[in-house]
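Examining the three-dimensional arrangement
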Amino acid sequence: MGELRQSHDGHPAVSIERGGRKHSGLRYDDYKELIENTCRSWNRGVEWLRDKFGDNYKGHMGLLGTALVACYAMSRCHDVVIEPKIRRKDIPLDLSVINPDTAIVQSEGLLIIEVKVHRKEPIALTSQLDDFILKYGRQLKKWGIYLAVIHFWMGGRTPAIKLPPWAVELSLSPGRKLDELYGELDRLLQAVVGRNP
């Protein structure tokens with residue numbers, strides 16, 4: 001089983017630590033509690049959000065998506081840093097300009113992910129990582145750094161929207177089991193890593 005970590009310094013090109021510019025406002029212990037609940041059942045994660053934020057919990061569903069990705073990674077024996085701040089060591093690119101939700105430490109490198117959770121169909125599926133991936137994705141891949149965007153759909157999937165090659169989409173329909181979700185994430189993220197620009 002992987003671990004939720006506050007930092008990782010084992011990559012030759014970058015180091016990561018919790019506390020990037022994008023703060024959810026959750027303390028580390030609260031995030032850990034959300035992740036523990038979500039790892040039992042994603043519906044328990046929703047209940048945790050409801051208890052924490054009351055009627056405003058729907059505005060915090062992105063936290064559930066990040067918790068799901070952390071649970072997935074740890075179930076696959078990968079360590080995870082949530083809301084990572086990325087510092088370069090030995091590469092010419094400055095990754096501190098991006099604000100990902102998670103960094104997954106894999107044997108083949110780092111998988112840095114932005115997570116989006118949608119309750120309604122957006123006009124377009126965009127991410128703050130899109131332009132960065134387009135511009136630097138090939139270079140980063142040479143250093144074993146992969147970037148991806150995960151779009152979770154609450155209650156169903158909207159197939160009419162075209163996704164860039166570094167993005168995947170998954171349905172969070174009521175009653176969906178975590179094992180099924182993790183199996184789909186395995187397949188989709190392996191494809192993303194293989195076709196990263």
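First things first, this report covers the structure right here in the doc. (Residues numbered from 1 in each chain as written. Predicted model: local features only at pLDDT ≥ 70, side-chain atom pairs only at ≥ 80, totals over all residues. Heavy atoms only, no water.)

**A short note on the overall build of the chain**
Scanning the chain for helices and strands turns up 5 helices and 9 strands. Counted from the first residue to the last, the chain has its helices and strands arranged as β-β-β-α-α-α-β-β-β-β-α-β-β-α. Relative to the globule expectation of 16 Å for 197 residues, the C-alpha radius of gyration of the chain, 16 Å, shows essentially globular dimensions. Each principal axis of the C-alpha atoms in the chain carries an extent, and together these give about 45 × 40 × 25 Å. Sorting the 197 residues of the chain into buried and exposed places 54% on the buried side. For the chain, the share of sequence-separated contacts (at least 6 apart) that also reach a separation of at least 24 residues comes to 66%. Roughly 9,500 Å² of accessible area belongs to the chain as shown, and the carbon and sulfur atoms make up 46% of that amount. (Helix = DSSP H or I, 4+ residues; strand = E, 2+ residues; numbered from the N terminus. Rg over C-alpha atoms; globule rule 2.2 N^0.38 Å. Buried < 20%, exposed > 50% of the residue type's maximum accessible area, 1.4 Å probe, protein only. Contact = heavy atoms within 4.5 Å. Areas by Shrake-Rupley, 256 points an atom, 1.4 Å probe, with all protein chains shown as cover.)

**Let's talk about the sheet that holds strand E8 (residues 145-154)**
Strand order in the open sheet made by the 6 strands is E1-E4-E6-E7-E8-E9, with mixed pairing throughout. Whereas interior strands pair on both sides, the edge strands pair on one side only; in this sheet they are strand E1 (4-5) and strand E9 (167-172). In terms of strand pairing, strand E6 (residues 102-106) meets strand E7 (residues 109-118) through 5 bridges, oriented antiparallel. If you follow valine 105 over to E7, its bridge partner there is leucine 110. (Pairing = 2+ DSSP bridges.)

**What about the environment of glycine 10?**
You can see glycine 10 is positioned in the loop between strand E2 (7-8) and strand E3 (14-18). By relative accessible area, which is 59% here, glycine 10 ends up exposed. When the C-alpha positions of glycine 10 and glycine 109 are compared, they lie 9.8 Å apart, and in sequence the two are 99 residues distant.

Take it as geometry only, folks, not as evidence of what the structure does.
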